[in-house]
Amino acid sequence: MTSTAAVPPPRATYRRLSVEERRAQLLLAALGLFAHRAPDEVSLDEVAVAAGVSRPLVYRYFPGGRQQLYEAALGSAADELTLCFTEPPVGPPTERVARVLDRYLRFVDEHDTGFSALLRGGSVVETSRTTTIVDGVRRAAADEILRHLGRMGGAGEQPAGPRLRMMVRSWIAAVEAASLMWLDDGKQPAAAELRGWLVDHLIALLAATAATDPEAAAVVNDLLALETSEGPAGQLAERVIPVVAEAAHLLPAPPASD
């Protein structure tokens, strides 16, 4: 019987990363740290350790140091956050918005500390450039919501007027504020409950704006034709109409008949 010498396992082959791949690797490591700690608490040494590289290599790709790395990571996160608001124009509009908010709240949940520090400001690495990046996300989010409302000026659409655009931007601000309070309160209520309330908030704002703005009234009229009794708009109507009925005494009395 012949014995066979053990064959050593093949040695792992080292693959040199391209410039783009290495940069993406460093950004991913930085985002993982910025997601759960305030940006001014993260050092380049920690980014290097997280990426499994040397500190000089981090500086080679980001010679501006932590500030440049943070702005690049913020831009990457902004792109991801903007994508949360992108939704195909399929199905009732309020159901589309619900899916958008599900993705948005998942992002907030996964980047809790970094998200909070970003929106509250006050970081030593906050600059006009970082503020511009954040405001760009807000504008992109508002544009996507207006697209779901049929008011982005596409084929066969009218561009949104000032009242409608102001209403959507104010709703985006309310979503941000609610997200921060949600984080402060230990992510309570459940994300699905918060999402439902935020969709209701959008519907209520639209209805209130429609009372005095003809464009918003036309948008509401178009949207209601697409909604279903099982969807967010139908469920809100079922809950609100009995409440509104209690306010019948606030309506003007009908004119007396001769």
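Residues numbered from 1 in each chain as written. Predicted model: local features only at pLDDT ≥ 70, side-chain atom pairs only at ≥ 80, totals over all residues. Heavy atoms only, no water.

**Some thoughts on helix α9 (residues 191–210)**
Turn by turn, an α-helix covers 3.6 residues, leaving residues three or four places apart pointing in a common direction.
Then, number 1: End to end, α9 covers 29 Å across 20 residues, agreeing with the expected 28 Å (1.5 Å per residue, within 8%).
Then, number 2: The complete set of buried residues in α9 reads Leu194, Leu198, Val199, Asp200, Leu202, Ile203, Leu206, Thr209 and Ala210.
Then, number 3: For α9, the elements touching its buried residues are α5 (93–110), α7 (128–148), α8 (162–184), α10 (214–224) and α11 (232–245). (Helix = DSSP H or I, 4+ residues; strand = E, 2+ residues; numbered from the N terminus. Expected span 1.5 Å × (residues − 1). Buried < 20%, exposed > 50% of the residue type's maximum accessible area, 1.4 Å probe, protein only. Contact = heavy atoms within 4.5 Å.)

**Describing the layout of surface pockets**
Then, number 1: By volume, the largest pocket is sized at about 380 Å³.
Then, number 2: Lining the largest pocket we find 21 residues, and of these Ile203, Ala207, Leu224, Ala233 and Leu236 sit closest to its centre.
Then, number 3: In terms of residues, the lining of the largest pocket owes the most to one element, α11, which gives seven residues.
Then, number 4: Considering only residue class, the lining of the largest pocket consists of 17 nonpolar, three polar and one charged. (1 Å grid on protein atoms, 1.4 Å probe; cavity = no way out; pocket = protein on both sides within 12 Å on 5 of 7 lines; lining within 4 Å. Points joined across faces, edges and corners; volume = space filled by probe spheres on them. Nonpolar A, V, L, I, M, F, W, Y, C, P; charged D, E, K, R; others polar.)

**Side note on the pattern of salt bridges**
Then, number 1: The tally for this structure, following the rule as stated, stands at 14 salt bridges.
Then, number 2: The residue Arg99 makes a salt bridge to Glu87 at a minimum N-O spacing of 2.6 Å. Taken together, the residues span a long stretch of sequence, with Arg99 in helix α5 and Glu87 in the loop between α4 (66–84) and α5 at a distance of 12 residues.
Then, number 3: Across the pair Lys187 and Asp112 runs a salt bridge, and its minimum N-O distance is 3.3 Å. Of this pair, Lys187 sits in the loop between α8 and α9 while Asp112 sits in helix α6 (residues 112–120), and the two are 75 residues apart along the sequence.
Then, number 4: Connected through shared salt-bridge partners, Glu87, Arg99 and Arg103 make up one network. (Salt bridge = Lys/Arg side-chain N within 4 Å of Asp/Glu carboxyl O.)

**Notes on the nonpolar core**
Then, number 1: If you look at the biggest cluster of nonpolar residues, it comprises 66 residues, and the most contacted ones within it are Ile145 and Trp171.
Then, number 2: No other element matches the 10 residues that α8 contributes to this core.
Then, number 3: If near-sequence neighbours (up to four positions away) are discounted, Trp171 is found in contact with Val97, Leu101, Ile145, Leu198, His201, Leu202 and Leu205. (Core = buried A, V, L, I, M, F, W, Y, C linked by side-chain atoms within 4.5 Å.)

**Digging into the confidence of the model for the protein chain**
Then, number 1: Averaged over every residue, the pLDDT of the protein chain is 85; residues scoring 70 or more account for 88%.
Then, number 2: Looking across the protein chain, the model is least confident in α6, with a mean pLDDT of 70, and most confident in α9, with 96.
Then, number 3: Contacts of residues 1–5 to residues separated by more than four positions or lying in other chains number zero contacts, the stretch itself having pLDDT below 50.
Then, number 4: In this model, residues 10–14 is a region of pLDDT below 50 whose contacts with residues beyond four sequence positions or in other chains number one contact. (pLDDT = per-residue confidence, 0-100.)

**A few points about unusual backbone geometry**
Then, number 1: Cis peptide bonds are those with omega within 30 degrees of zero, and the linkage from Gln188 to Pro189 qualifies with 0°.
Then, number 2: Tracing the backbone through its elements, the reader meets Pro189 in the loop between α8 and α9.
Then, number 3: Despite not being glycine, Lys187 shows a phi value in the positive range, around 60°.

**Overview of the environment of Leu26**
Then, number 1: Here Leu26 is to be found in helix α1 (residues 19–34).
Then, number 2: When the C-alpha positions of Leu26 and Val53 are compared, they lie 8.8 Å apart, and in sequence the two are 27 residues distant.
Then, number 3: Beyond its immediate sequence surroundings of up to four residues, Leu26 is in contact with Val47, Ala51, Val53, Leu57, Val58, Tyr61 and Phe62.

**Some points on the environment of Phe34**
Then, number 1: Mapped onto the secondary structure, Phe34 falls in helix α1.
Then, number 2: With 78 residues separating them in the primary sequence, Phe34 and Asp112 have C-alpha atoms 9.5 Å apart.
Then, number 3: When residues no more than four places from it in sequence are discounted, the contact partners of Phe34 are Pro39, Val42, Leu69, Tyr70, Ala73 and Gly114.

**Details of the packing of α1 against α4**
Then, number 1: Between α1 and α4, whose axes approach to 9 Å, the crossing angle comes to 85°. As the angle between them shows, α1 and α4 are arranged roughly perpendicular. Residue-level inspection shows Arg23, Leu27, Ala30, Leu31 and Phe34 of α1 in contact with α4, the latter providing Leu69, Tyr70, Ala72, Ala73, Ser76 and Ala77.
Then, number 2: Residues belonging to the contact of α1 with α4 are distributed by class as follows: nine nonpolar, one polar and one charged. (Axes fitted to C-alpha atoms, helices over the stretch in contact; angles between N-to-C directions. Parallel < 35°, antiparallel > 145°, perpendicular 65-115°, else oblique.)

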